[in-house]
Structures are given as C-alpha cells and as structure tokens.
Amino acid sequence: MSKPITLQLDERAISTMQYATIFVCFLMNILDGMDVLVISYCAPAIAKSWAVGPEALGMVFSAGLAGMALGALLLAPYADKIGRKKMILISAFLMGTSIFLTGYTETVPQLIFLRFISGLGIGSMLASTASLTAEYTPNRSKDFWVSFVLSGYPIGAIIAGYVAASVVPSSGWQMMFKLAGLASFITIPLIFMFLSESIEYYVRRQPKHALVKVNRLLTKLRIPEISTLPEKPAKSLGIPVNQLLSKKYKRSTIQLWVALFFAFGCLYFLISWIPKLTTNAGLSMELAIYSGTVFNVGAFFGIIIQGYISSKMGLKKTIALFLGITAVLMAMFSVFVGSHFILIVFGLLGFTLQGGFVGLYAVAARMYPTEFRTTGVGWAIGAGRLGGVLGPALGGVLVGMGLSMSANFMIFAVPALLAGVVTYFISSKEIS
C-alpha cells in the first residue's frame, strides 16, 4: 500500500459509497431522535391516563438515559471488536423490539424496563455511527460530516413531535410507540444493503477474509487494491477501555467526560421536561408538543452551522461559544415567559445547546485512533449520560417542589456554562 487509505480519501472527492454510508448513519440517528423523544411527547398523555406524578415520570426518563449510558459504555466498545456494521444492526434490533413493545405496557415498572432496553440500543447506535462516519470522511471535512450525521437526531425528534401531535390525541400514546418501533424495524434491511463496514477496522483487526473485503471496498472508493494487509499487532487490544486513561489520553479524556456530563445534564433536562413545563405554564398540550419541536428545529440548524464554523474556527472555540450563549439564554429566560417570543427562545436554545453538544461527539471522534475510537466515543457518551440521568431526575424533583419554569432554567444554566469552559481547555493535540 503506497499511501495510507486515510490519506488517499483526503485526496479524492467523496464517492457514492461514502455518501451511502453517511446517509444510513444519518437515518439511524433520525431513529435515535424519534426513540428518545417519543417518551417526552407522550409524557403528558401517560401522566393523565395513568394518573402518575412528575417524580414517576422522572424515573421513566432517567431509566431510558441509564440504558443509553450503559449501551455506550458496555455495548458500543464491542464495535471495535466485531465491527461497526454488526453493532449498528444489533442496536437497531434492540431499539425496534423494545420501542414497539412499549406500546403494550400497562404499568410504570414495565415502562421503565422497556425504556432501559431501548436506551441500550440508542446509546451504542450513537457511538457506532459517529465512529463509522469519522472513518469514511476526509480529514478536511470530518467535523462537518460527523456533525451532519448526528443532526439526524433532532430531525427524528421533529418528526416524532409532528406525528405525536396528530397520533396521541386521536389514537392514544400507545400507538405512537408502535409506529416508532416499526420504523426501526424497517431500516434493518437498509443497513444490510447500503452500509459499508469500516476499512480501517478490517485493516487493524483482520477478521476472516479481511483482504478480500478491503479490496472490494477500495474498488468502490476508486482506490487501487492492495496485495497484502499490514502486519497485525501481536497482541489484540480486546475491548480497549484502559487505553482511554493511558498517559497520552488521560487528561483530555477526563476533560471530555466532564464537559459531556454537564452538557448532557442540561440538554436532557430540557428535552425531557419542555413539554411538561410548558403545560404547567398554561400552554395547551398541542402547543407543548410543538415547543419541543421548535427546540429541535433550532437544534438541526445549530448542529449543521456548528460543523461549518468548527471547520473554520476550530472545534473547542466554537463549542465553548455555543454553550456560553446557551447559559446566557437560560439565565435570562424569565424575561420571555408569558410573551409570544417564548417559542423563538426554545428554538435558539436548541440551536446553541445542541449545536455545542454535538460538537463534543466530533471532539471524541477526532481524539482517539481507530483501534479504540468507538470505545472512546462510547465511553465519552456513557460518562456524559450519567449527567443525562441526573438532569431529568433532578428536574422531576424541582418540578414536584413547584419551582417555576424560569427558576428551573436558571439552575440548569450553570452546567451549560461549565460544559463550555471545560471544553475550551481540553488538552488533546488532535483537537483545534
């Protein structure tokens, strides 16, 4: 091999096969967004039909987030061992099965259990798609494409919001979960047909028939075939979690984890409680659902624009700027309560918070090498989701105490600001 494959990708225009891989990863993140947010959009209807309080709903939200954390920590690292494509298939199956069965639950414990299982698939899906995208895109535009793929998440939330606004009032919240589950099942054949396994994975891991598989992919990429694979490392890394805290990566890994912990806590408080908080503030259930939709419309554009600005200004500065603006908007939220501008503010919060938040995934994808990239991304997401578990649970307690929407937003402005500050000081040389 005259040049490393990554360098040859940098020298060529993006091929049809690369675009297909990017599209499938984007589609899977759309499903992730649908499956995460469907519980938030259905929460007011569940609370009404089952007569459950905000504390119980907080436990349901947190169960799903706990599953996502464990999916990222325990399932996602196996993508570095069995391949990204297989892990994405496993994740899609877990998501589809558990989300569909949620439509048949009759008790809160059943709901908590199935939200946890769906979380396992969602957590491993995010890490695997981010890693695969990073390995199939040229260095010059990698940050943009990783952010683009992850922008599917708010698109899924938007779709779920519009569908929920129609389906939940007419057919009940159970039907909403059944439709979301079926959507996940439909994508499994698309993964089989159009998603390509990582070439870097084949080269480094060298599973059976790796050379044939590598050359098949190189032909599709219009890159010359190779006659032999490079020498395989004498000792396999296994599931290389320990590498994340080796001397070279320890400091930057901990900084990334802390930044994601605070960002997740703020983000999942908002996406879990916006519909419920707005109904408490006097909006109709339909407008409460649309408030979450507006938040995610802003998120889509924020993620795309963040990816573009990061390629010009650098990831760390861009993320810190986005999260700093988020903190200011949340601290000033009381100014907008009761006005017609409140939905616009939700959109701006989605733009800045999710734009900065998703940039941290791109940081993780750049920070670690192929051998443990998905492990690195997964553990970063998992560590962050601990904050995501605490955020909605704390929100449930605060809402149950009767705190106003403005007071809740003021409290959660603090972790947004801390996330931005910590990100700015991440020490990795791989990140500008």
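Computed from a predicted structure; not experimentally measured.

Some words on the overall build of the chain
Counting its secondary structure elements, the chain contains 17 helices and zero strands. Here the C-alpha coordinates of the chain stretch approximately 70 × 45 × 35 Å along the principal axes. Buried positions account for 59% of the 432 residues belonging to the chain. Long-range pairs, those at least 24 residues apart, make up 83% of the contacts in the chain with a sequence separation of at least 6. If you sum the accessible surface of the chain, you get close to 16,600 Å²; carbon and sulfur atoms cover 69% of it. Each charge class in the chain was averaged separately, 32 positive and 16 negative side chains, and the resulting centres sit 4 Å apart.

Digging into the side chain of Thr-318
Checked against the element boundaries, Thr-318 lands in helix H14 (residues 315-331). Classification of Thr-318 as buried rests on a relative accessible area of 0%.

A few points about the pattern of salt bridges
Any two side chains of opposite charge can pair, on the condition that their charged atoms come close. Counted under the stated rule, the structure contains four salt bridges. In this structure, Arg-84 engages Glu-135 in a salt bridge whose closest nitrogen and oxygen atoms are separated by 2.5 Å. On the criterion of sequence distance, the pair formed by Arg-84 in helix H5 (residues 84-102) and Glu-135 in helix H6 (residues 108-136) is long-range, its members being 51 residues apart. A relative accessible area of 1% places Arg-84 in the buried class. The class of Glu-135 is buried, set by a relative accessible area of 4%. Residue Asp-143 is joined to Arg-366 by a salt bridge in which the shortest nitrogen-to-oxygen separation is 2.6 Å. Residue Asp-143 is found in helix H7 (residues 142-150), and its partner Arg-366 is found in helix H15 (residues 342-367); the two are separated by 223 residues along the sequence. The pair Asp-143 / Arg-366 is uniform in exposure class, with both members buried.

Quick look at the packing of aromatic side chains
Applying the stated rule across the entire model yields 24 aromatic pairs. Look at Tyr-19 and Trp-145: their rings are 6.0 Å apart centre to centre, the planes differ by 75°, and that puts the pair in the edge-to-face class. Placement of the pair is Tyr-19 in helix H2 (residues 16-50) and Trp-145 in helix H7, with a sequence separation of 126 residues. An aromatic cluster is defined as three or more aromatic residues linked by ring pairs; in this entry it consists of Tyr-19, Phe-26, Phe-144, Trp-145 and Phe-148.

Digging into the nonpolar core
Among the nonpolar cores identified, the biggest contains 127 residues, and Leu-256, Tyr-268, Leu-270 and Phe-409 are the most heavily contacted of them. Residue contributions to this core peak at 20 residues, all from H2. Taken domain by domain, this core gets at least three of its residues from each of domain 1 (1-235) and domain 2 (239-431). If we ignore the near neighbours within four places in the chain, the residues touching Leu-256 are Leu-360, Val-363, Ala-364, Met-367, Tyr-368, Ala-380 and Ile-426.

Overview of the packing of helix H3 (residues 54-75) against H6
Direction vectors running N to C along H3 and H6 enclose 35°, while the axes themselves pass 6 Å from each other. Two packed elements cross with a definite hand, and for H3 against H6 that hand is right-handed. Here H3 contributes Met-59, Val-60, Ala-63, Gly-64, Ala-66, Gly-67, Met-68, Leu-70, Gly-71, Ala-72 and Leu-75 to the contact with H6, which in turn contributes Val-108, Leu-111, Ile-112, Arg-115, Phe-116, Gly-119, Leu-120, Ile-122, Gly-123 and Ser-124. Here the residues of the contact of H3 with H6 sort into 14 nonpolar, six polar and one charged.

Notes on the domain arrangement of the chain
As far as domains go, the chain holds domain 1 (1-235) and domain 2 (239-431). For domain 1 versus domain 2, the distance between C-alpha centres works out to 19 Å. The tally of links between domain 1 and domain 2 comes to nine residue pairs in polar contact (both at pLDDT 80 or more). Looking at the side of domain 1 that touches domain 2, the elements with two or more residues in it are H2, H3, helix H4 (79-82), H6, H7, helix H8 (152-171) and helix H10 (199-205). The greatest single-element share of the side of domain 1 that touches domain 2, amounting to 12 residues, is contributed by H3. For the side of domain 1 that touches domain 2, a count of residues per class yields 35 nonpolar, nine polar and nine charged.

Some thoughts on H8
Taking 1.5 Å of rise per residue, 20 residues should cover 28 Å, and H8 covers 26 Å from first to last C-alpha, within 8% of that figure. Where H8 bends most, the angle comes to about 35°, and this point is Ala-164. Once H8 ends, the next one or two residues include Gly-172, with phi positive near 95°.

Some remarks on the environment of Ile-30
Secondary-structure assignment places Ile-30 in helix H2. For the pair Ile-30 and Ala-160, spaced 130 residues apart in sequence, the C-alpha separation works out to 9.6 Å. When residues no more than four places from it in sequence are discounted, the contact partners of Ile-30 are Gly-152, Tyr-153, Ile-155, Gly-156 and Ile-159.

Here's the deal with a nonpolar patch on the surface
On the surface, Leu-417, Val-421, Tyr-424 and Phe-425 cluster together to form a nonpolar patch covering roughly 400 Å² of accessible area. Checked against the element boundaries, Leu-417 lands in helix H17 (residues 405-424). When its relative accessible area of 45% is taken as the criterion, Leu-417 is described as partly exposed.

As for the packing of H5 against helix H9 (residues 173-194)
When two helices pack together, their arrangement is given by the angle between their axes and by how far apart the axes lie. It is at 7 Å that the axes of H5 and H9 come closest, and there the two elements cross at 160°. Of the possible angle classes, the one that applies to H5 and H9 is roughly antiparallel. As for how H5 packs across H9, the hand of that crossing is left-handed. Of H9, the residues touching H5 (which contributes Lys-85, Ile-88, Leu-89, Ala-92, Phe-93, Met-95, Gly-96, Thr-97, Ile-99, Phe-100 and Thr-102) are Trp-173, Phe-177, Lys-178, Ala-180, Gly-181, Leu-182, Ser-184, Phe-185, Ile-188, Ile-191 and Phe-192. Looking at the contact of H5 with H9, its residues break down into 15 nonpolar, five polar and two charged.

Cut-off values and rules
- Residues numbered from 1 in each chain as written.
- Predicted model: local features only at pLDDT ≥ 70, side-chain atom pairs only at ≥ 80, totals over all residues.
- Heavy atoms only, no water.
- Helix = DSSP H or I, 4+ residues; strand = E, 2+ residues; numbered from the N terminus.
- Buried < 20%, exposed > 50% of the residue type's maximum accessible area, 1.4 Å probe, protein only.
- Contact = heavy atoms within 4.5 Å.
- Areas by Shrake-Rupley, 256 points an atom, 1.4 Å probe, with all protein chains shown as cover.
- Lys, Arg positive; Asp, Glu negative; His and termini not counted.
- Charge placed at Lys NZ, Arg CZ, Asp CG, Glu CD.
- Salt bridge = Lys/Arg side-chain N within 4 Å of Asp/Glu carboxyl O.
- Phe/Tyr/Trp six-rings, centres within 6.5 Å; stacked < 30°, edge-to-face > 60°.
- Core = buried A, V, L, I, M, F, W, Y, C linked by side-chain atoms within 4.5 Å.
- Domains from an automatic or database assignment.
- Axes fitted to C-alpha atoms, helices over the stretch in contact; angles between N-to-C directions.
- Left-handed = near helix turned anticlockwise from the far one by under 90°.
- Nonpolar A, V, L, I, M, F, W, Y, C, P; charged D, E, K, R; others polar.
- Polar contact = N/O pair within 3.5 Å; in protein donor to acceptor, adjacent residues only side chain to side chain.
- Expected span 1.5 Å × (residues − 1).
- Bend = angle between axes of the 7 residues up to and from the residue.
- Patch = residues over 30% accessible without salt bridge, like charges linked within 9 Å, V, L, I, M, F, W, Y side chains within 5 Å.
- Parallel < 35°, antiparallel > 145°, perpendicular 65-115°, else oblique.

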